[in-house]
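An overview of the molecular structure
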Amino acid sequence: MAHDASLSPNGVPEVEHPLRQLWASFSENKGAVFGLFILCGVAFLAIFADFLAPHGPLEQFRDAVRAPPVWEEGGSWRFILGTDGLGRDMLSRLMYGARVSLFIGLVVMAVSFVVGVLLGLVAAFSSPMVDTIISRSMDLIMAVPGLVLAILIVAVLGPSLTNTVVAVTVVFLPRYVRLVRASAMAELSKDYVIAAKVIGVKKLRLMFSTVLPNCLAPLIVQSALGVSEAILEAAALGFLGLGAQPPVPEWGAMLADAREFIRSDPWIVTLPGLAILITVISINLMGDGLRDALDPKMRRS
Amino acid sequence: MLIHFLKRLALTIPTFFALMFITFIAIRLVPGDPVEVRVGERGISPERLAQFRAELGLDQPVWKQFLDYVWGILHGDFGKSLVTNEKVMTEFFTLFPATIELSFAAMMFATIIGIPAGAIAAVKRGSRFDQTLMGLSVAGFSMPIFWWGLLLIMLVAERLHLTPVSGRIDLIKFYFEPVTGFMLIDALLSDQKGAFKDALHHLILPMIVLGTVPLAVIARMTRSSMLEVLSEDYVRTARAKGLSPARVIGLHALRNALIPVVTVIGLSVGSLMAGAVLTETIFSWPGVGKWLIEAIGRRDYPALQGGVMLISAIVILVNLGVDVLYGVINPRIRHGA
């Protein structure tokens, strides 16, 4: 594992086609490939929602309120998955909802990745004082149950899409910090790091180009699985009325609106949740495959 | 052992103080004046307003307010709810048994199904059962439980009429004074015919919903831990001695495989509380989770503040307890630490 990245010409460890190697072991896992495939589909729908969606996500069809989906009696091809309580096309809302959910998942992942790497490396490389402050703060965040903390943050900042992202990021940040700190600490005592120090490699370079690349494998896995958890958490906030606010077509908020139709119009309730479930499953399957491929040591089944 | 425990306990003290500080600051950051919530839309005379502010301690400097807040908490006083004017502590612990009952039932459900299922899957590795179970566990792990709850209400309660839609018991048919706060026990104690059965019916769906994610985690954990143990030398020795497969698996392997599983169960209190917030909201289950969400809706900040504090304190203490117990079971941890 311990390639000295700082010695290779462009910062990339000199292994034969690392990406191809990764793909080879990733594609051994059929579930993971399936997950990746579904996820690409969801991402495609999200990115091209403007062209693919048959209607606008906010457009209300007063003549077709709560129209059933096409396979049910009275359904038509005009609204393939039916319409909701305000006559908005479900399919279009779900497509735009994919955009919202994936956006939340990716932003949360990106921010906690960057901040987590920074804080984790600083904790590992700084004085025990700084390390203690960072580590204890992260322990504190982890002591409060995730959703409860997110609820507190949103209650203070006010419910909105942006604040959902902030709340979920704060909740998931400690995992990244701890992971980076722990793996950086483990690397620090290895010979190649000591060698680099002896040569006189500067601290910043030591942190980011010597040690960091060797901590990346578990971090990438955590990030992949973190996206799905962030999507679930954000949807839960949306469902509680503390996330994205109507009329934003967010899957959790759509479910909250749908509660009154539980008796009469099951599709309004079923579809948004199914969208969440499919997206989260596909990310989790992919993450599992990524874990097996990146780090055989972590393989646990 | 005692010293180890006290050391760990002492380490949680700064956490509690930091938690108090954060909840205090958080509530001060909320836009709007807490007095307004109390007073309502109509407004009152300046004298009454000043009196209210004095009552809530809002006329004091902020550092004094914080000290009063900490002092109060140390004496078990989390302030009063702005809406009901009831002590937050009293409200919390009146509702808390409902949350414990639900969480306990969910954990029982997850354990009773999860451990045997995971163990069988490990023994029959690669079989159709194993593959199905692992597939289901990914689905369970990925489940948005708020949707799962609605789905079950739709199918089981509304379509098939097998269970009630919400609540803990049919309040029209049964009424009795709460003794323990646990509906199942109170129903038994009440001697009313059918009360226990009715309470049990109310519990089934929320229990399944809250238990789904732990079930998936436990089944997966048991399977992987069992697979590891099954390849150990002592299991091979037991087999070589000619012990029956049931004895080898049940007595030698499973007992050892369960150590990490039990730890995971113990440490899942936090996620269980988070799940309870959603489950209670869906099923109108009168526990602390639903109360917390309602407190936000009513802008009842002392309740929110106290609720977050109390839930976190309970989770921290339970996790500490699990850690210590784990040290008792497994001396390697104790001496390593």
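Residues numbered from 1 in each chain as written. Chains lettered and ligands numbered in written order. Predicted model: local features only at pLDDT ≥ 70, side-chain atom pairs only at ≥ 80, totals over all residues. Heavy atoms only, no water.

A side chain with one charge can pair with a side chain of the opposite charge if their charged atoms come near. All names here are of chain A. Within this structure, the stated rule accounts for 20 salt bridges over all chains. Across the pair Asp84 and Arg88 runs a salt bridge whose closest N-O atoms are separated by 3.1 Å. Using a relative accessible area of 7% as the deciding quantity, one classes Asp84 as buried. By relative accessible area, Arg88 is classed as buried at 7%. Across the pair Arg178 and Asp139 runs a salt bridge, and its minimum N-O distance is 2.5 Å. (Salt bridge = Lys/Arg side-chain N within 4 Å of Asp/Glu carboxyl O. Buried < 20%, exposed > 50% of the residue type's maximum accessible area, 1.4 Å probe, protein only.)

This next bit is on helix α13 (residues 288–297) of chain B. Residues and elements named next belong to chain B. Summarising burial for α13: seven of the 10 residues are buried, a large majority. Turning to α13, its buried residues are Val288, Gly289, Trp291, Leu292, Ile293, Ala295 and Ile296. A positive phi of about 55° marks Arg299, the residue just after α13. (Helix = DSSP H or I, 4+ residues; strand = E, 2+ residues; numbered from the N terminus.)

As a general rule, the predicted coordinates of low-pLDDT regions are not to be interpreted in detail. Residue and element names in this part refer to chain B. Per-residue confidence for chain B gives a mean pLDDT of 85, with 93% of residues at or over 70. Looking at the elements of chain B, mean pLDDT is at its lowest for helix α15 (residues 331–336), recorded as 58, and at its highest for helix α5 (residues 88–123), recorded as 94. At the level of chain-chain contacts, confidence expressed as ipTM amounts to 0.87, with global pTM at 0.88. (pLDDT = per-residue confidence, 0-100.)

Let us look at the side chain of Ser228 of chain A. Residues and elements named next belong to chain A. Position of Ser228 among the secondary structure elements: in helix α9 (residues 203–239). In this structure Ser228 comes out as buried when scored by relative accessible area, which is 2%. Sequence-distant contacts of Ser228, that is, excluding residues within four places in its chain, are made with Val280, Ile283 and Asn284. (Contact = heavy atoms within 4.5 Å.)

Note that soluble globular proteins tend to have their nonpolar side chains buried in a common cluster. Among the nonpolar cores identified, the biggest contains 139 residues, and Leu147 and Ile151 of chain A together with Phe146 and Leu304 of chain B are the most heavily contacted of them. Among all residues touching Phe146 of chain B, those that are not within four sequence positions of it are Leu232, Ala235, Ala236, Phe239, Leu255 and Ile276 of chain A together with Leu278 and Ile282 of chain B. Ranked by size, the runner-up nonpolar core spans 39 residues in total, among them Ala199, Met207, Met226 and Leu258 of chain B. (Core = buried A, V, L, I, M, F, W, Y, C linked by side-chain atoms within 4.5 Å.)

What follows deals with helix α11 (residues 245–267) of chain B. An α-helix turns once every 3.6 residues. As a result, residues three or four positions apart point the same way. All names here are of chain B. Here α11 contains 23 residues, and its C-alpha end-to-end distance of 32 Å stays within 8% of the 33 Å for a straight helix at 1.5 Å per residue. In α11, a bend of some 45° at Leu254 exceeds every other bend along the element. For α11, the full list of buried residues reads Val248, Ala253, Leu254, Ala257, Leu258, Val261, Thr263, Ile265 and Gly266. (Expected span 1.5 Å × (residues − 1). Bend = angle between axes of the 7 residues up to and from the residue.)

Right, let's get into the packing of helix α6 (residues 146–157) of chain A against helix α7 (residues 161–188) of chain A. Pairs of packed helices are described in terms of their axes, by the angle between the two and the distance that separates them. Residue and element names in this part refer to chain A. For the pair α6 and α7, interaxial distance at closest approach is 9 Å and the crossing angle is 145°. Crossing geometry of α6 relative to α7 is assigned as right-handed. Listed contacts from α7 to Gly146, Leu149, Ala150, Ile153, Val154 and Leu157 of α6 are Asn163, Val166, Ala167, Val170 and Val171. Looking at the contact of α6 with α7 residue by residue, the classes come out as nine nonpolar, two polar and no charged. (Axes fitted to C-alpha atoms, helices over the stretch in contact; angles between N-to-C directions. Left-handed = near helix turned anticlockwise from the far one by under 90°. Nonpolar A, V, L, I, M, F, W, Y, C, P; charged D, E, K, R; others polar.)

Residue and element names in this part refer to chain A. Overall, the coordinates contain 12 aromatic pairs over all chains when judged by the stated rule. Judged by centre distance (5.0 Å) and plane angle (50°), the rings of Phe44 and Phe48 are tilted. Classification of Phe44 as partly exposed rests on a relative accessible area of 44%. (Phe/Tyr/Trp six-rings, centres within 6.5 Å; stacked < 30°, edge-to-face > 60°.)

Below, the discussion takes up unusual backbone geometry. Residue Pro246 of chain A is joined to Pro247 of chain A through a cis peptide bond whose omega torsion reads 5°. For Asn85 of chain B, which is not a glycine, the phi torsion comes out positive at approximately 60°. If you check the backbone angles, Ser284 of chain B has positive phi at about 45° while not being a glycine. On the secondary structure map, Ser284 of chain B appears in the loop between α12 (269–283) and α13.

All names here are of chain B. Under the definition given, this model contains one cavity of 30 Å³ or more. The space that makes up the largest cavity amounts to roughly 50 Å³. Contributing to the lining of the largest cavity are Thr163, Pro164, Val165, Ser166, Gly167, His201, His202, Leu205, Pro206, Phe283 and Trp285. Considering every element that reaches the lining of the largest cavity, the biggest residue donor is helix α9 (residues 195–230), with four residues. Counted by class, the lining of the largest cavity contains six nonpolar, five polar and no charged residues. (1 Å grid on protein atoms, 1.4 Å probe; cavity = no way out; pocket = protein on both sides within 12 Å on 5 of 7 lines; lining within 4 Å. Points joined across faces, edges and corners; volume = space filled by probe spheres on them.)

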